[in-house]
Structure formats: C-alpha cells, structure tokens
Amino acid sequence: MRINKQHIADENKNSSENHKDGFDFLSHQLDKQDKDVNAILRKLADFQVAIPSWALGAGGTRFGRFSYFGEPSTLEQKIDDVGVLHALTKTAGAISLHIPWDIPQDYDAIKERAKINGLVFDAVNSNTFQDQKDAKESYRFGSLSNLNASAREQAIQHNIDVINIGEKLGSKSLTVWLADGANFAGQRNFQSSLIHAENSLKSIYSELPDDWKMFIEYKPYEPNFYSTVIQDWGTSFMLANACGEKAYTLVDLGHHLPNTNIEQIVSTLMLKGKLGGFHFNDSKYGDDDSTVGSVKPYALFLIFNELVYGMENNPQNPDLAWMIDASHNIKDPLEDLLQSLEAILEAYAKALLVDQEELKAAQERNDVTLCQEIMQNAYRTDVRPLLAQARALSGGVINPLKSYRSLRIREGLIKERGMNSVATGL
Ligand code: LRH
Ligand code: MN
Ligand code: MN
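Computed from a prediction, not measured in an experiment: that's the story for all the values here.

Draft legend 1. Structural view of the overall build of the protein. When helices and strands are tallied, the protein shows 15 helices and 13 strands. The C-alpha atoms of the protein give a radius of gyration of 22 Å, which matches the 22 Å a tight globule of 426 residues would have. Oriented by its inertia axes, the alpha-carbon framework of the protein measures out at about 65 × 60 × 40 Å. Looking at the 426 residues of the protein, the share that counts as buried comes to 44%. Relative to all contacts within the protein whose residues are 6 or more apart in sequence, the contacts with residues 24 or more apart total 79%.

Spelled out as structure tokens, the structure:
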C-alpha cells in the first residue's frame, strides 16, 4: 500500500486540534526565550536519516530468529518499507544498502522504485564478516587483515565491487566495518594485523571516486572477543588519516565499552574534521542495537549538543551521514524505526534549544551549576510539538506511530507478502 496525500490529510485532520494547542503553547514559551522557532523548524525538516536495508526485517540473535509478519523479502520491498517511513515522517529520505545482501538485479528499476518513494541511496556497506557462497577464500581468520594475501585481495576486491555498485545507484560513500580480530590471547600479532588492515584500506581508498567518502567504523569487540583490529575511534582516526582526506571515522553508538564518553569523541573528531558518519541505536550492555533513545536519552542529547556545536563551529568537518543501525528480534521493525526517528529528532531539537552564548559565558565564569542548568533546561523541554509541526509542514503526519496503526500498514504488508516472508540479511 502506498501512502498518499489524502491519507496524510485525513490523519492530520484527526490530530490537528490537540497538536495546535501544544504547538501554540510551546512556540509562545520559546518566543519569550528569544528562540527562533522557524529556524528550528527548518533545521528539523531538513534533517534526513538513512535507513539500513537490514533494519526492515526482524533481526536475530545467535540463539534464534523470529521473523516478523509481512517482512520485505526483496530489495524492492525494502525500498517500499523505507518509503512508508518517509511518507509518514519526511525524515527518512535515504536507504543504505548492504552488499551482498541487497545486490540490485535491475538497476534502472531499483532507482525508479527509490525515486517513486522519494529516496536516495546513502552509503553502501561492504560485508567481509561472512563467507560468501562460492568464495575462494574464507574470512574465518580475518578479511582486510588476514595473514593470507589472497584472502586480503578478495576482501579488497569485494569493497571495490561495492563501490562500483554504489556508483550505479548514485551513492557517494562506502562504509567499511571489519569483524577482524582474535578470539584468544596470543592468536594474532597486533602489529601485523594493523599493518595489513592499513595497507588493504589504502588499496580500497585508491579506487574511491573523487566525490566519494570512505567511512571507517570501529567496534571494541564482537564477533571477536579477545581483540578487534579496528577497536576504537583512535585506531579508526589513525587509519583514516593514513588513507587520506576522503576517509573519515564513523561513530556507531553501540560500538563503545560501557560509560565511554561518546560526546567527547564526537567533539574531538569534529574539531579535527574527521567525523564522517553516525550510526544511531541504543544499548544497555553492549552492541544491543535497541531503539534509539530507549535506554539513555540524556546521553543522546549530550551527543547531539556536541554535534550541533560542531555543525555550527567546525567548517573543517563535512556534512555528516546519519543512519539508524538497529535490528530487532521481536518488535514490528517499522514501528521501531518510527520510534527511533522520533528519538533522534527529539534529541536534535533539544540540542538546538541549548543557548550556546549563555553556556559559553557560564563556562567562562566557571559557574558550574548554571552550566548544568542550561543543559537540563533544554533537555527538559517537551519538544514533541516542534517535531510534529516540522513534519506536518513538510507533508508528513503529526503522529507517525498512531497513523501507522490507524492506516493499518502492517496488515496491508501481510496481505501483500504473506505471514511467512523472510528478509535477507542478518
Ligand atoms: C556492526 C554493524 C556495522 C555493520 C552492521 C550490519 O556491528 O553495526 O555497521 O555493517 O552491523
Ligand atoms: Mn554500525
Ligand atoms: Mn553494530
């Protein structure tokens, strides 16, 4: 089912009275604080988050996977699902493909499908963490850092193939995440692993088109549980510098050890002009990939505060590639993504409310209490009417989750695809 303008108008008619009350109250309050409500609305409306093709089916754990009814089983269907999110929110205008899970068969048809849904192709993601059917070499002992030169060559060539696929779709960036590492102490020589990884990344980088970027994602552990070759932002930053100016670090929120100060990492990378992309999710324990903002919303706000500061003060850092990287085992994936999009925009809107001038002045006076008050005042503001207003002005719905249910989207997908469809991917 395709959501059309009439659906949106009908949905908004039902919610408009409540929304108007909430928005009028909030914009009046913000006016009194000298906030430029229209400028905030424009920023919210412009903010676009890519949806990864692997988030549209239910994820799994190593113990099992429970498919969700009406899951998309083809790339076309995945694009349609992102189209649903975008039609409702006007915030999800891009899809990020994982190769080889989503190799297009007919490029023109795929591009047309994306266009109909108002989507562009964001970063393409390579996959050297699974052995592919009929592959000559195995990645059992690593890919870009494997001791065996021909396994490294195969992984390099895969990344080049992914760039070529992305070029045909209009993508402008490649994201590399390596599972390479060791499960046991003594298994690998750290230095030779790093040297191989660096040389392999340089070989991929040398094939990167001029107007492309390469994002290097880091992660401390999993699937390897003793050491990971690109374990932290420092290693990623070092490798990005070794590759060149089109290479950047990518921060995935779940890829940190507990209590890591992610906002400080963001700030340092932006100062150095090397933050390229961002993967949103949330977690309680490790790389849980749960709904954005569902566990640590204040931490997300603090991260956005640094992102907003960087976007305003660090012209040396390019525009960022935003993506949700989450995958679930039990919830309706589309409902979950709607919740994540809302949480991202909420944190962004709150960060936009931080009075940077006032904060700077309080910092200079070492008025620690006031510094904290300024942050918490912004955080405690209920900004949801701003999000709804930005969405409605852009042609989306006031309340996406409510409309998703009242338009019976999942029921329509089940009718179309059946109860037992299975998404490709994780
Ligand atoms: C690794 C990761 C990375 C991958 C995705 C499938 O944990 O977050 O971004 O490409 O999972
Ligand atoms: Mn990620
Ligand atoms: Mn991850």
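Draft legend 2. Focus on the pairing of strand 12 (residues 275-280). Most of strand 12 sits out of view: six of its six residues are buried. By the bridge criterion, four bridges tie strand 11 (residues 247-252) to strand 12 in an arrangement that is parallel. Bridged to Thr 249 within strand 12 is Leu 275. Where the polypeptide runs from strand 11 across helix 8 (residues 262-271) and back to strand 12, its parallel neighbour, the crossover connection is right-handed. One ladder, built from four bridges, connects strand 12 with strand 13 (residues 321-324); its direction is parallel. Among the inter-strand pairings, His 279 is bridged to a residue of strand 13, identified as Met 323. In this fold, the crossover linking strand 12 to strand 13 by way of helix 9 (residues 297-313) has right-handed handedness.

Draft legend 3. Looking closely at the site of ligand 1. Near ligand 1 the following residues occur: Trp 54, Asn 125, Trp 177, Glu 217, Lys 219, Asp 252, His 279, Asp 287 and Asp 325. For the shell around ligand 1, the residue count by class is two nonpolar, two polar and five charged.

Draft legend 4. The arrangement of unusual backbone geometry in detail. In this structure, the amide linkage connecting Ile 99 to the following residue, Pro 100, adopts the cis form with an omega of 20 degrees. Mapped onto the elements of the fold, Pro 100 is located in the loop between strand 4 (94-96) and helix 4 (107-116). Between Glu 222 and the following residue, Pro 223, the backbone shows a cis peptide bond with an omega angle of 10 degrees. Among the secondary structure elements, Pro 223 is positioned in the loop between strand 9 (213-217) and strand 10 (227-228). Here Glu 222, not a glycine, exhibits a phi torsion of approximately 75 degrees, which is positive. Structurally, Glu 222 is set in the loop between strand 9 and strand 10. Unlike most non-glycine residues, Asp 289 shows phi in positive territory, near 55 degrees.

Draft legend 5. Geometry of the packing of helix 11 (residues 356-364) against helix 12 (residues 368-380). Viewed as axis vectors pointing N to C, helix 11 and helix 12 meet at an angle of 160 degrees, and their least axial separation amounts to 8 Å. When the axes of helix 11 and helix 12 are compared, the pair comes out roughly antiparallel. Pair helix 11 / helix 12 crosses with left-handed handedness. Residues Glu 358, Leu 359, Ala 362 and Gln 363 of helix 11 form the contact with helix 12, whose own contacting residues are Leu 370, Cys 371 and Ile 374. Class assignment of the residues belonging to the contact of helix 11 with helix 12 gives a composition of five nonpolar, one polar and one charged.

Quick notes on the rules
Residues numbered from 1 in each chain as written. Chains lettered and ligands numbered in written order. Predicted model: local features only at pLDDT ≥ 70, side-chain atom pairs only at ≥ 80, totals over all residues. Helix = DSSP H or I, 4+ residues; strand = E, 2+ residues; numbered from the N terminus. Rg over C-alpha atoms; globule rule 2.2 N^0.38 Å. Buried ≥ 20, exposed ≤ 12 C-beta atoms within 10 Å, placed from the backbone. Contact = placed C-beta atoms within 7 Å. Pairing = 2+ DSSP bridges. Right-handed = clockwise from strand over helix to strand, strands pointing away. Near = placed C-beta within 6 Å. Nonpolar A, V, L, I, M, F, W, Y, C, P; charged D, E, K, R; others polar. Axes fitted to C-alpha atoms, helices over the stretch in contact; angles between N-to-C directions. Parallel < 35°, antiparallel > 145°, perpendicular 65-115°, else oblique. Left-handed = near helix turned anticlockwise from the far one by under 90°.

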